[in-house]
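# Architecture and fold: a report
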Amino acid sequence: MYQLTEDHIMLRNMVRDLAQDKVAPRAAEIDEKAEWPWDIVEALRSADLFGLPFPEQYGGTGTDLLSFIIVIEELCKVCASTGLMIAVQGLGSFPIVIAGNEEQKQRFFPKLASGEHIAAFGLTEPGAGSDAAGTKTRAVRHGDEYLLNGQKNFITHASVASIYTVFASTDPSKGTKGISAFVVESDRPGFKVGKIEHKMGIRASPTGELLFEDCRIPASNLLGKEGEGFKIAMQTLDKSRPGIAAQALGIAQGAIDFAAKYATERIQFGQPISNLQGIQFMLADMETQVAAARELVYKAAVLLQKGDREATKYSAMAKMFASDVAMRVTTDAVQILGGYGYIKEYPVERMMRDAKITQIYEGTNQVQRVVVARAILSKYER
Ligand code: CAA
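What you are looking at is a predicted structure, and each value in this text was computed from that prediction instead of being measured. (Residues numbered from 1 in each chain as written. Predicted model: local features only at pLDDT ≥ 70, side-chain atom pairs only at ≥ 80, totals over all residues. Heavy atoms only, no water.)

## Details of the site of the ligand
In the vicinity of the ligand, 24 residues are found, and the nearest of them are Ser130, Thr156, Lys177, Glu362 and Arg374. Between the ligand and the protein, one listed contact pairs an oxygen atom with a side-chain N or O atom of arginine 241 at 2.8 Å. Here an oxygen atom of the ligand and a side-chain polar atom of arginine 374 are 2.7 Å apart. Starting from 1,100 Å² of accessible surface for the ligand in isolation, the protein chains cover 72%. Most atoms of the ligand, that is more than half of them, are within 2 Å of grid points of the largest pocket. (Near = heavy atom within 4 Å. Polar contact = N/O pair within 3.5 Å; in protein donor to acceptor, adjacent residues only side chain to side chain. Areas by Shrake-Rupley, 256 points an atom, 1.4 Å probe, with all protein chains shown as cover. 1 Å grid on protein atoms, 1.4 Å probe; cavity = no way out; pocket = protein on both sides within 12 Å on 5 of 7 lines; lining within 4 Å. Sits in = over half its atoms within 2 Å of the grid points.)

See below:
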């Protein structure tokens with residue numbers, strides 16, 4: 001079970017203040033304009049928050065996964081796109097954390113940890129979404145280089161990232177065992193960012209295509225060995241899904257906090273609507289669901305940290321449960337605000353739009369259920 005230490009609590013309080021001070025005042029505007037906020041990136045850099053996924057010897061904070069989770073949750077209470085900056089700095093870097101050699105860690109981590117370099121994770125393709133093994137992007141070795149050809153889509157941080165971890169097939173005849181993982185820096189010849197999507201939510205976070213046309217990268221950018229890419233991707237997602245669960249938690253808690261305060265101020269029938277049992281019961285159900293989700297998410301983080309064999313299952317359960325809770329809770333928050341919930345003057349409609357993606361990305365909640373079911377059944381199958 002988890003226990004928050006004094007360090008966790010201090011970190012949470014520091015991030016809570018930063019979120020109120022620097023992020024909350026910008027959240028509605030950057031959503032409306034779909035603007036990547038470099039001023040907020042700077043605030044997160046100054047607070048050393050990009051360093052969370054990295055060991056101290058490479059410039060990181062050397063903190064545990066629970067700290068990473070707590071930070072994402074706090075930021076997402078006011079702005080889901082901002083919390084996602086930290087989540088995806090983890091997602092894009094975890095393949096190097098998991099499979100990188102010493103030279104690669106020394107080469108990439110210091111600038112990722114300082115936030116000078118933003119990371120992204122390139123797995124999804126037009127024909128390989130839930131079926132990640134359907135990767136068509138090809139990597140062919142020529143001497144000391146690999147030549148990459150293909151396309152990735154729906155990539156968070158496309159256009160702002162300078163370090164992309166990319167999965168490509170080095171041997172299509174071998175299926176998942178022919179997939180390899182690479183680091184592609186944004187200035188490599190033959191690499192470019194394609195279309196940036198217009199989205200329902202997380203609008204301040206760019207999502208777009210990566211295009212590889214005879215993109216040349218040094219062989220020293222291969223992570224692990226050829227053929228290990230699919231496992232690296234799966235291990236990365238195990239580690240990063242609680243980050244999306246934390247994003248969902250933050251969005252949901254932010255919506256409850258706003259709706260509860262609003263209910264005490266909104267007068268109908270001559271009294272605050274918070275006096276009405278119908279509203280009270282909704283708030284009670286919302287808070288209970290989020291509290292239950294938080295227990296699961298924090299537990300998943302601790303199991304992952306320990307390398308527990310139940311960690312894959314807990315990671316998937318946490319992501320699926322917390323994101324389903326976030327969708328229900330934000331929808332109820334809009335309901336409590338009534339007509340005011342449906343207009344952009346109040347943040348709950350943004351929270352409801354932002355919550356939706358947490359049920360879809362880093363593996364749809366249907367994929368999470370597949371992962372959980374396989375984990376249960378594997379104990380009994382021969
Ligand atoms: N850890 C280690 N190895 C794993 C693993 C894990 N968690 N899961 C699977 N593997 C291994 C298996 O053991 C197997 O190895 P062997 O062949 O040696 O036995 C191999 O990988 C293939 O596994 P499966 O047979 O289970 O593969 P599958 O094709 O049935 O796929 C899947 C399984 C769970 C559906 C997987 O494709 C999946 O997770 N899909 C969802 C992809 C996803 O989450 N995409 C998100 C993109 S990132 C994103 O969304 C980020 C963002 O924008 C912020």
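From this point, things continue past the structure.
## Regarding unusual backbone geometry
At aspartate 214, a residue that is not glycine, the phi angle is positive and equals roughly 45 degrees. Positive phi, close to 55 degrees, is recorded for phenylalanine 269, a residue that is not glycine. Along the chain, phenylalanine 269 falls in the loop between β9 (267–268) and β10 (271–272). (Helix = DSSP H or I, 4+ residues; strand = E, 2+ residues; numbered from the N terminus.)

## A few points about the layout of surface pockets
In this model, the largest pocket occupies a volume close to 1,200 Å³. At the level of secondary structure, the elements contributing two or more residues to the lining of the largest pocket comprise α4 (80–99), β3 (145–156), α6 (229–265), α9 (348–358) and α10 (365–377). Considered class by class, the residues forming the lining of the largest pocket number 22 nonpolar, 12 polar and 10 charged. Considering only enclosed or pocket space, the second largest pocket measures out at about 280 Å³ in volume. Taken together, 14 residues make up the lining of the second largest pocket; nearest its centre are Gln20, Lys77, Val78, Gly254 and Met351. Those elements giving two or more residues to the lining of the second largest pocket turn out to be α1 (6–33), α3 (65–78), α6 and α9. (Points joined across faces, edges and corners; volume = space filled by probe spheres on them. Nonpolar A, V, L, I, M, F, W, Y, C, P; charged D, E, K, R; others polar.)

## Re the packing of aromatic side chains
On inspection of all chains with the given rule, the structure shows 12 aromatic pairs. Between phenylalanine 68 and phenylalanine 94, the aromatic rings sit 5.7 Å apart at their centres with planes inclined by 65 degrees, giving edge-to-face as the arrangement. Of this pair, phenylalanine 68 sits in helix α3 while phenylalanine 94 sits in helix α4, and the two are 26 residues apart along the sequence. Comparing phenylalanine 68 with phenylalanine 94 shows no difference in burial state: the two are buried. A ring pair is formed by tyrosine 164 and phenylalanine 191, whose centres lie 5.0 Å apart and whose planes are at 50 degrees; its orientation type is tilted. Of this pair, tyrosine 164 sits in strand β4 (residues 163–169) while phenylalanine 191 sits in strand β6 (residues 191–196), and the two are 27 residues apart along the sequence. What makes tyrosine 164 buried here is its relative accessible area of 0%. Among the aromatic residues, those joined into a ring-pair cluster are Phe258, Tyr262, Tyr340 and Tyr346. (Phe/Tyr/Trp six-rings, centres within 6.5 Å; stacked < 30°, edge-to-face > 60°. Buried < 20%, exposed > 50% of the residue type's maximum accessible area, 1.4 Å probe, protein only.)

## Some thoughts on the nonpolar core
Counting residues in each nonpolar core, the largest one holds 102 residues, and the members touching the most others are Leu44, Leu49, Leu75, Ile86 and Leu148. Among the elements that make up this core, the one with the highest residue count is helix α8 (residues 311–337) (14 residues). Filtering out sequence-adjacent residues up to four positions away, leucine 75 remains in contact with Val15, Leu18, Ala19, Val23, Leu44, Thr82, Gly83 and Ile86. Counting residues in each nonpolar core, the second largest holds 23 residues, with Ala99, Ala113, Ile163 and Leu223 among its members. (Core = buried A, V, L, I, M, F, W, Y, C linked by side-chain atoms within 4.5 Å. Contact = heavy atoms within 4.5 Å.)

## Description of a nonpolar patch on the surface
Together, Tyr340, Tyr342 and Ile343 make up an exposed nonpolar region whose accessible area comes to about 350 Å². In this structure, tyrosine 340 sits in the loop between α8 and α9. The class for tyrosine 340 is partly exposed, based on a relative accessible area of 37%. (Patch = residues over 30% accessible without salt bridge, like charges linked within 9 Å, V, L, I, M, F, W, Y side chains within 5 Å. Salt bridge = Lys/Arg side-chain N within 4 Å of Asp/Glu carboxyl O.)

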